[in-house]
Amino acid sequence: MAIPKARLPEGTRVRIRQGDLPLEPGLAGRTGAVVVASDYADERLGVQLDGEPTVRMFVPAELEVIDPVPLPAERESAKARRALP
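Residues numbered from 1 in each chain as written. Predicted model: local features only at pLDDT ≥ 70, side-chain atom pairs only at ≥ 80, totals over all residues. Heavy atoms only, no water.

Chemist: Quick question: what am I supposed to make of the overall build of the protein chain here?
Modeler: The helix and strand inventory of the protein chain stands at one helix and five strands. With the principal axes as the frame, the protein chain shows a C-alpha extent of 50 × 25 × 20 Å. Sorting the 85 residues of the protein chain into buried and exposed places 22% on the buried side. Across the protein chain, contacts joining residues at least 24 apart in sequence account for 46% of those joining residues at least 6 apart. Taken together, the 12 basic and 13 acidic charged side chains of the protein chain have centroids lying 5 Å from each other. (Helix = DSSP H or I, 4+ residues; strand = E, 2+ residues; numbered from the N terminus. Buried < 20%, exposed > 50% of the residue type's maximum accessible area, 1.4 Å probe, protein only. Contact = heavy atoms within 4.5 Å. Lys, Arg positive; Asp, Glu negative; His and termini not counted. Charge placed at Lys NZ, Arg CZ, Asp CG, Glu CD.)

Chemist: How do you make sense of the side chain of Thr12 when you look at a structure like this?
Modeler: Note that Thr12 resides in the segment before β1 (13–16). Overall, Thr12 belongs to the buried group, its relative accessible area being 2%. A polar atom in the side chain of Thr12 sits 2.7 Å from the backbone oxygen of Pro9. Once residues within four sequence positions are removed from consideration, Thr12 is found in contact with Gly32, Ala33, Val34, Val65, Asp67, Pro68 and Val69. (Polar contact = N/O pair within 3.5 Å; in protein donor to acceptor, adjacent residues only side chain to side chain.)

Chemist: Hey, could you run me through the side chain of Glu52 in this one?
Modeler: As for its position among the elements, Glu52 is in the loop between β3 (45–49) and β4 (56–58). For Glu52, a relative accessible area of 16% gives the class buried.

Chemist: Would you mind showing me how to read the pairing of β3 here?
Modeler: Within a regular beta strand, the side chains point alternately toward one face of the sheet and then the other, so they alternate between its two faces. Counting buried residues in β3 gives four out of five residues, a clear majority hidden from the surface. Note that β3 and β4 share three bridges and pair antiparallel. Each residue of the ladder has a partner; that of Leu45, found in β4, is Phe58. Hairpin connection, β3 to β4: the antiparallel pair is bridged by six residues, and Gly51 has positive phi, about 85°. (Pairing = 2+ DSSP bridges.)

Chemist: Could you clarify how one ought to interpret the nonpolar core in this entry?
Modeler: Nonpolar side chains tend to gather and get buried jointly when the protein is soluble and globular. Core analysis: the biggest nonpolar cluster contains 11 residues, these being Leu8, Val14, Ile16, Leu23, Leu27, Val34, Leu45, Val47, Leu49, Phe58 and Leu63. Of all the secondary structure elements, the ones that give two or more residues to this core are β1 and β3. The element contributing the most residues to this core is β3, with three residues. When residues no more than four places from it in sequence are discounted, the contact partners of Ile16 are Leu23, Leu27, Ala28, Gly29, Arg30, Leu49, Phe58, Glu62 and Leu63. (Core = buried A, V, L, I, M, F, W, Y, C linked by side-chain atoms within 4.5 Å.)

Pasting the structure below:
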């Protein structure tokens, strides 16, 4: 069984693109920042679009990363270690 994880960390700058689901007209191409990313709901991410006070939910396939947030040092070091059986 796989452990779900947030696909994009909070603070990542993204651009909205057309995915499998229909989008509200005018959203494609807009930019914003991921503000809600949960390990418990990895199928949706909350994005605050530039110039809007509200948070909109998107699936990861609808988001294109513009400016990634680097992982914390402890997460990078954990990736370098081998996995336990």
